[in-house]
Amino acid sequence: MKIRPLHDRVVVRRMEEETTTPGGIVLPGNAQEKPQQGEVIAVGEGRYVDGQLRPLSVKTGDKVVFGSFAGNTVKVDGEELLIMTENEIFGVLEG
Amino acid sequence: MKIRPLHDRVVVRRMEEETTTPGGIVLPGNAQEKPQQGEVIAVGEGRYVDGQLRPLSVKTGDKVVFGSFAGNTVKVDGEELLIMTENEIFGVLEG
Amino acid sequence: MKIRPLHDRVVVRRMEEETTTPGGIVLPGNAQEKPQQGEVIAVGEGRYVDGQLRPLSVKTGDKVVFGSFAGNTVKVDGEELLIMTENEIFGVLEG
Amino acid sequence: MKIRPLHDRVVVRRMEEETTTPGGIVLPGNAQEKPQQGEVIAVGEGRYVDGQLRPLSVKTGDKVVFGSFAGNTVKVDGEELLIMTENEIFGVLEG
Amino acid sequence: MKIRPLHDRVVVRRMEEETTTPGGIVLPGNAQEKPQQGEVIAVGEGRYVDGQLRPLSVKTGDKVVFGSFAGNTVKVDGEELLIMTENEIFGVLEG
Amino acid sequence: MKIRPLHDRVVVRRMEEETTTPGGIVLPGNAQEKPQQGEVIAVGEGRYVDGQLRPLSVKTGDKVVFGSFAGNTVKVDGEELLIMTENEIFGVLEG
Amino acid sequence: MKIRPLHDRVVVRRMEEETTTPGGIVLPGNAQEKPQQGEVIAVGEGRYVDGQLRPLSVKTGDKVVFGSFAGNTVKVDGEELLIMTENEIFGVLEG
């Protein structure tokens with residue numbers, strides 16, 4: 001089962017990160033504040049701007065950066081996903 | 001008796017879910033926080049955007065996901081239904 | 001004497017409902033929270049949207065559902081009526 | 001001396017009402033909450049909507065109904081008048 | 001030295017009023033709440049509405065009525081003046 | 001080094017004023033509340049309004065009046081300057 | 001790895017400044033309030049205004065001035081960067 005987001009909404013799977021503290025100790029992701037990165041797994045059909053449907057600027061597979069309060073958490077088949085508007089995404093990680 | 005929602009409003013029947021706790025005990029839906037899923041049972045005629053009537057992106061029968069504070073509760077023939085604007089719906093469950 | 005509502009406003013006569021409690025006792029309407037249903041008794045001429053006057057989507061005689069804080073109470077010839085914008089109406093009861 | 005209201009503003013003379021209590025005692029208007037009715041005594045030239053000047057929907061002499069917090073009180077030649085935008089007027093009393 | 005107000009701003013010289021109390025005693029203006037009347041001494045060039053510059057509806061010399069919190073106080077050559085947007089002006093006193 | 005303000009922003013150098021108290025004693029500017037006057041030292045390229053770039057209504061060298069909370073303070077080469085949107089400027093001092 | 005900002009967002013690397021106190025002692029940047037200057041390292045593709053995509057007014061390499069609360073902090077390859085909308089940038093430092 002999957003979610004087809006409406007309009008300018010985007011479904012994101014939050015990425016857990018292994019992190020190294022300044023002193024070099026690796027902490028598992030859940031001992032820290034939530035990472036602000038994730039992978040786009042579905043995008044809405046776009047939004048009407050000045051009478052024209054504009055598709056979104058992100059696509060499935062993009063790695064995106066967003067604020068720590070972005071989006072709403074939804075559970076699909078037991079997995080926690082984020083659903084946010086494209087506006088809440090700051091940018092796409094590349095390279 | 002049924003409700004014909006106005007403009008971009010949608011009538012949703014909240015879905016009760018059986019859930020399994022981490023330890024494997026099945027709890028009836030009403031012992032937990034309200035599920036955020038439901039089935040669309042009626043949709044409004046759409047909204048005027050830039051001078052054109054745009055029909056909604058959801059249709060009767062769609063299974064939708066929405067925030068826990070979405071919509072207003074109305075009682076029709078003793079049944080509690082939710083009526084919300086399409087904007088409050090995050091996406092449609094498929095597959 | 002009657003009220004001609006302006007623009008997108010609608011005059012509604014709140015419907016009192018007889019209700020049966022779970023145990024089967026009928027309570028008169030005023031012992032409970034206010035019903036959220038009413039009958040439209042007058043509608044405004046409509047609203048200008050993108051340069052065109054759009055008539056309202058409800059008409060006199062419609063039975064409508066609305067939130068418990070919708071509208072303002074006005075007294076005409078001793079009768080208490082509600083006057084609200086069409087936006088505050090969730091939908092029309094049919095059937 | 002009189003006030004020419006600007007744009008979509010309307011000058012209203014609040015109507016004092018004699019009222020009969022349920023038990024039949026007539027109370028002078030000032031022993032109760034302020035009436036929400038008045039007579040329009042001047043209207044502005046209208047408002048620009050989508051590039052066109054639209055005249056107001058009320059006219060001098062109309063008896064109007066409005067919320068108890070509508071408008072601002074101004075004193076002209078010792079008389080207290082209300083000046084409000086047309087939007088704050090719910091409807092016109094007729095018949 | 002004088003102020004040329006920008007856009008839809010208006011410079012107003014507040015009018016002090018001699019007032020008679022109910023008992024007939026004349027109080028100088030500064031022993032009471034501030035009068036809400038003044039004289040327009042300069043007006044801005046207007047505002048762009050739907051792509052066209054619209055000149056203001058008040059002109060120099062107009063006696064205007066405004067709310068007690070309207071505008072900002074500025075001092076020019078030692079004189080306290082009010083500068084407000086035309087929107088804060090309720091109407092023009094005439095006759 | 002200088003600042004080129006973006007869009008409808010304006011860089012202003014606050015003017016210190018010598019002031020005379022009612023009793024005739026001259027106080028240096030910094031013993032009082034901040035003056036609300038300044039000189040425009042740079043203006044942005046303008047703003048898009050209804051699809052057209054409109055240049056600003058103030059220009060370099062103008063003496064402007066603004067509210068005491070207008071703008072943000074920025075330091076350029078050790079000098080404190082204000083940067084505000086043109087909207088925060090009430091008017092231009094002339095004559 | 002780098003961030004491609006969306007729409008009207010801009011990625012900025014905050015500039016640390018060496019500062020001299022009034023008495024002439026040089027303090028390292030981190031003993032003071034955060035500097036409000038930075039260098040643009042990536043810009044979004046622009047924003048739709050009245051139906052047309054307008055590119056941003058800043059470009060990679062520009063030294064920009066912004067308020068102390070502008071933007072969100074994101075970490076890319078261990079480096080802390082700011083991502084803000086162009087609107088939060090006051091101006092560009094030149095010369």
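Located above this text is the structure these notes cover.
This is a predicted model, so every value here is computed, not measured.

**Q** What am I meant to see in the relation of the copies chain A and chain B here?
**A** For the pair of chain copies, the relating operation is a rotation around an axis with a shift along it. Mapping chain A onto chain B calls for a screw motion: a turn of 51 degrees about the axis and a shift of 0.0 Å along it, with 0.0 Å RMSD after fitting. Little of the interface of chain A is mirrored in chain B, where only 6% of its interface residues again form contacts.

**Q** Whenever I open this one, the relation of the copies chain G and chain A confuses me. Can you help?
**A** Least-squares fitting of chain G to chain A yields an RMSD of 0.0 Å, with the transformation described by 0.0 Å of translation along the axis and a rotation of 52 degrees. A share of only 6% of the interface residues of chain G reappears at the interface of chain A, consistent with the copies meeting through non-equivalent patches.

**Q** Looking at this model, I keep getting lost on the interface of chain G and chain A. Mind explaining?
**A** In many reports, interface size means the accessible area that the parts give up when they come together. Residue-level contacts link 18 residues of chain G with 18 residues of chain A. Both faces considered, chain G and chain A share a buried interface measuring about 1600 Å² in area, 53% of it formed by carbon and sulfur atoms. At the boundary of chain G and chain A, one finds 1 salt bridge. Its salt-bridge partner being A:Glu94, residue G:Arg4 comes within 2.8 Å of it at the nearest N-O pair. In this structure, the connection of chain G to chain A is made through 8 residue pairs in polar contact (both at pLDDT 80 or more). Secondary-structure elements contributing two or more residues to the side of chain G that touches chain A are strand 1 (2-5) and strand 9 (72-76) of chain G. By residue class, the composition of the side of chain G that touches chain A is 8 nonpolar, 4 polar and 6 charged. In this sheet, strand 1 of chain G lies alongside strand 11 (residues 89-94) of chain A in antiparallel orientation, the contact comprising 4 bridges. Across the sheet, A:Glu94 pairs through a bridge with G:Lys2, a residue of strand 1 of chain G.

**Q** Is there a simple way to explain the interface of chain A and chain B in this structure?
**A** Facing the 18 residues of chain A at the interface are 18 residues of chain B. Both sides of the chain A and chain B interface together cover about 1600 Å² of buried area, and 53% of this is carbon and sulfur. Viewed at the interface, chain B and chain A are joined by 1 salt bridge. Summed over the shared surface of chain A and chain B, the number is 8 residue pairs in polar contact (both at pLDDT 80 or more). Counting residues per element, the ones that place at least two in the side of chain A that touches chain B are strand 1 (2-5) and strand 9 (72-76) of chain A. Per element, the largest residue contribution to the side of chain A that touches chain B is 5 residues, and it comes from strand 9 of chain A.

**Q** It is not clear to me how the pairing of strand 10 (residues 79-85) of chain F should be interpreted in this structure. Could you clarify?
**A** All names here are of chain F. Note: strand 2 (residues 9-14) against strand 10, 4 bridges, orientation antiparallel. Residue pairing across strands places Val12 opposite Leu82, the latter belonging to strand 10. Relative to strand 10, strand 9 (residues 72-76) runs antiparallel, the two being bridged by 5 bridges. Pairing of Thr73 across the sheet is with Leu82, part of strand 10. Between strand 9 and strand 10, which pair antiparallel in sequence order, lie 2 residues; one of them, Asp77, sits at a positive phi of approximately 50 degrees.

**Q** It is not clear to me how the packing of aromatic side chains should be interpreted in this structure. Could you clarify?
**A** Where two aromatic rings form a pair, the distance of their centres and the angle of their planes describe that pair. With the rule as written, the count across this model stands at 0 aromatic pairs over all chains. A cation over an aromatic ring shows up here: E:Arg54 above the ring of D:Tyr48, its NZ or CZ 3.5 Å from the ring centre.

**Q** What is the right way to look at a negative patch on the surface in this model?
**A** Taken together, the side chains of A:Asp50, B:Asp50, C:Asp50, D:Asp50, E:Asp50, F:Asp50 and G:Asp50 define an acidic patch exposed on the protein surface. In this structure, D:Asp50 sits in the loop between strand 6 (47-49) and strand 7 (52-54). A relative accessible area of 41% places D:Asp50 in the partly exposed class.

**Q** Got a minute to help me understand the pairing of strand 2 (residues 9-14) of chain B in this structure?
**A** A regular strand carries its side chains on alternate faces of the sheet. Examined bridge by bridge, strand 2 of chain B and strand 5 (residues 37-43) of chain B share 5 bridges and lie antiparallel to one another. Paired with B:Val11 across the strands is B:Ala42, a residue of strand 5 of chain B.

**Q** I keep staring at empty space enclosed by the protein and nothing clicks. Help me out?
**A** Rolled over the atoms, a probe as big as a water molecule pinpoints where empty space is left. One pass over the full model with this rule turns up 1 cavity of 30 Å³ or more. The volume enclosed by the largest cavity comes to roughly 30 Å³. Along the walls of the largest cavity sit B:His7, C:Asp8, C:Arg47, C:Leu56, C:Glu86 and C:Asn87, which together make up its complete lining. Residues that form the lining of the largest cavity fall into these classes: 1 nonpolar, 2 polar and 3 charged.

Conventions used here
- Residues numbered from 1 in each chain as written.
- Chains lettered and ligands numbered in written order.
- Predicted model: local features only at pLDDT ≥ 70, side-chain atom pairs only at ≥ 80, totals over all residues.
- Heavy atoms only, no water.
- Least-squares fit on C-alpha atoms with pLDDT ≥ 70 in both.
- Contact = heavy atoms within 4.5 Å.
- Buried area = accessible area lost by both parts, 1.4 Å probe.
- Salt bridge = Lys/Arg side-chain N within 4 Å of Asp/Glu carboxyl O.
- Polar contact = N/O pair within 3.5 Å; in protein donor to acceptor, adjacent residues only side chain to side chain.
- Helix = DSSP H or I, 4+ residues; strand = E, 2+ residues; numbered from the N terminus.
- Nonpolar A, V, L, I, M, F, W, Y, C, P; charged D, E, K, R; others polar.
- Pairing = 2+ DSSP bridges.
- Phe/Tyr/Trp six-rings, centres within 6.5 Å; stacked < 30°, edge-to-face > 60°.
- Lys NZ or Arg CZ within 6 Å of the ring centre and 35° of its normal.
- Patch = residues over 30% accessible without salt bridge, like charges linked within 9 Å, V, L, I, M, F, W, Y side chains within 5 Å.
- Areas by Shrake-Rupley, 256 points an atom, 1.4 Å probe, with all protein chains shown as cover.
- Lys, Arg positive; Asp, Glu negative; His and termini not counted.
- Charge placed at Lys NZ, Arg CZ, Asp CG, Glu CD.
- Buried < 20%, exposed > 50% of the residue type's maximum accessible area, 1.4 Å probe, protein only.
- 1 Å grid on protein atoms, 1.4 Å probe; cavity = no way out; pocket = protein on both sides within 12 Å on 5 of 7 lines; lining within 4 Å.
- Points joined across faces, edges and corners; volume = space filled by probe spheres on them.

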